[in-house]
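Here is what each chain is made of, one letter per residue.
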Amino acid sequence: MSSPAKDGKRQLTLDAMFKPPAKKVKVTETVETSDSNGAVSTTVSSVISASSAPALTRLEAYDAVKFDQQAFLAKLSTTGDPCERDLLDLEMTTLGSTWLKVLAPEIKKPYFLTLKRFLWREGLRQANVQQTKIFPPAPDVYAWSRHTPLTKVRVVIIGQDPYHQPGNAHGLCFSVRPGLAVPASLKNMYSELQQEYTDFKAPKHGNLEAWAKSGVLLLNTSLTVRANEAGSHAKQGWETFTDAVISLVDKYGGAALPDTAKGVGGGVVFMAWGAWAAKRVARLDRKKHLILTSAHPSPLSAHKGFLGNGHFKKANEWLNARHGSEGQIDWTNLPVKTNDAVTA
């Protein structure tokens, strides 16, 4: 009979003794903190292991989450004007299926129904009801969820407010429809990309759907805005909802990527630019995720720490270490269909 390990040290198995050490990579991130004098940037370095993805604990695997859309719909109230079924029609018809099944309990909460009543009064109703007062148009409010399935999320970029000018917003933060001028913040993002990837040529368009389809969740904190009134839908409930979205990414983001615990997320990259975005990720586990914070790419602050932050390359270094080469994002690939162009 073998004796217990001495001094409380765990004995190595033969597999552990002869298994090659896990690949490690050094990741440097810039953390922005705020004080009365403005933003102060601090550089922090850490080394992570490719095999350091969190193990499956008590969290229910994504595929084990049961959701019957028809049964859920049948339980929605049909009394009142508008009734629950009217209020949640947009979510039931346009929210991506990978998100709907785990967000279903959230959209039934009192705060969300209150938010939807507010939006109903503002003029944003069902997807087939046209209006010109709220952006993005109703069918595009949840475009991020359809372009980027939950289990394929690799990177989250957090914005604040949709563009409030007519024709710009289409449900993806920092992105605009083809055929429109590239927004100033996105121009600075392109400039940063050119510094990190010298073969990158900034496109003449500002459409980021290619990123979204490759696993970059482009999420605004508020998902709607009144025309020409920045921040007009803030503090109405969207912040609570998008915090729930971030929480789900924490649990399940990237669950379909290589080298992850079966059915749960193995960690993703969060890019939170500006103090507002940094607050949304403040409680996330930095051992599980890579949290990259800096100044916002707006022309008013880009020179205070965004330009030169190296976030796009840092993201890929971390993704490669955590998930292998398949987990990386091709940031330089931003094609756009010419027949998708629209006029302002």
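Residues numbered from 1 in each chain as written. Predicted model: local features only at pLDDT ≥ 70, side-chain atom pairs only at ≥ 80, totals over all residues. Heavy atoms only, no water.

Per an unreviewed UniProt entry, the protein chain goes by Uracil-DNA glycosylase and derives from Mixia osmundae. UniProt, in the comment section headed Function (unreviewed entry), describes the protein chain in these words: "Excises uracil residues from the DNA which can arise as a result of misincorporation of dUMP residues by DNA polymerase or due to deamination of cytosine." Database annotation for the protein chain, UniProt heading Sequence similarities (unreviewed entry): "Belongs to the uracil-DNA glycosylase (UDG) superfamily. UNG family." (UniProt positions renumbered as here; feature names shortened; annotations may be inferred.)

J.: What exactly am I supposed to notice about the overall build of the protein chain here?
T.: The secondary structure content of the protein chain amounts to 12 helices and eight strands. Burial status across the protein chain gives 51% buried among its 344 residues. If you take every contact in the protein chain between residues at least 6 apart in sequence, the share linking residues at least 24 apart comes to 68%. When the accessible area of the protein chain is evaluated, it comes to approximately 17,300 Å², of which 51% is carbon and sulfur surface. (Helix = DSSP H or I, 4+ residues; strand = E, 2+ residues; numbered from the N terminus. Buried < 20%, exposed > 50% of the residue type's maximum accessible area, 1.4 Å probe, protein only. Contact = heavy atoms within 4.5 Å. Areas by Shrake-Rupley, 256 points an atom, 1.4 Å probe, with all protein chains shown as cover.)

J.: Is there a simple way to think about the pattern of salt bridges in this case?
T.: Side chains bearing opposite charge may pair, as long as their charged atoms lie close to each other. As enumerated under the stated definition, the model contains eight salt bridges in all. Between Lys-116 and Glu-91 there is a salt bridge; the shortest N-O distance is 2.7 Å. Taken as a pair, Lys-116 in helix α6 (residues 110–122) and Glu-91 in helix α4 (residues 89–94) lie far apart in primary sequence, 25 residues in all. Lys-116 sits in the buried class, given a relative accessible area of 3%. The partner of Arg-177 in a salt bridge is Asp-140, with the nearest N and O atoms 2.5 Å apart. With Arg-177 in the loop between β4 (155–159) and α8 (184–196) and Asp-140 in the loop between β3 (134–135) and α7 (143–147), the pair connects residues that are 37 residues apart, well separated along the chain. Several salt bridges share partner residues, and in doing so they unite Glu-122, Arg-226 and Glu-229 into one network. (Salt bridge = Lys/Arg side-chain N within 4 Å of Asp/Glu carboxyl O.)

J.: Can you walk me through the sheet that holds β4 in this structure?
T.: Note: strands within a sheet are paired through backbone hydrogen bonds, in either parallel or antiparallel orientation. An order of β5-β4-β7-β8 is seen for the four strands of this open sheet, with the pairing classed as parallel. Edge positions in the sheet fall to β5 (216–220) and β8 (290–294), since each of these pairs with one other strand and no more. Direction aside, neighbouring strands of the sheet carry axes that sit 15 degrees apart on average. As paired strands, β4 and β5 are joined by five bridges and run parallel to one another. Bridge pairing in β5 places Val-155 opposite Val-216. (Pairing = 2+ DSSP bridges. Axes fitted to C-alpha atoms, helices over the stretch in contact; angles between N-to-C directions.)

J.: Teacher, can you tell me more about the UniProt feature "active site" (unreviewed entry) in the protein chain here?
T.: Here, the residues flagged by UniProt with the feature "active site" (unreviewed entry) are Asp-161. For Asp-161, the residues in contact, after removing those within four places along its chain, are Asn-220, Ser-222, Thr-224, Val-225, Ala-230 and Gly-231. A polar contact is formed between the side chain of Asp-161 and the backbone nitrogen of Gly-231, at a distance of 2.6 Å. (Polar contact = N/O pair within 3.5 Å; in protein donor to acceptor, adjacent residues only side chain to side chain.)

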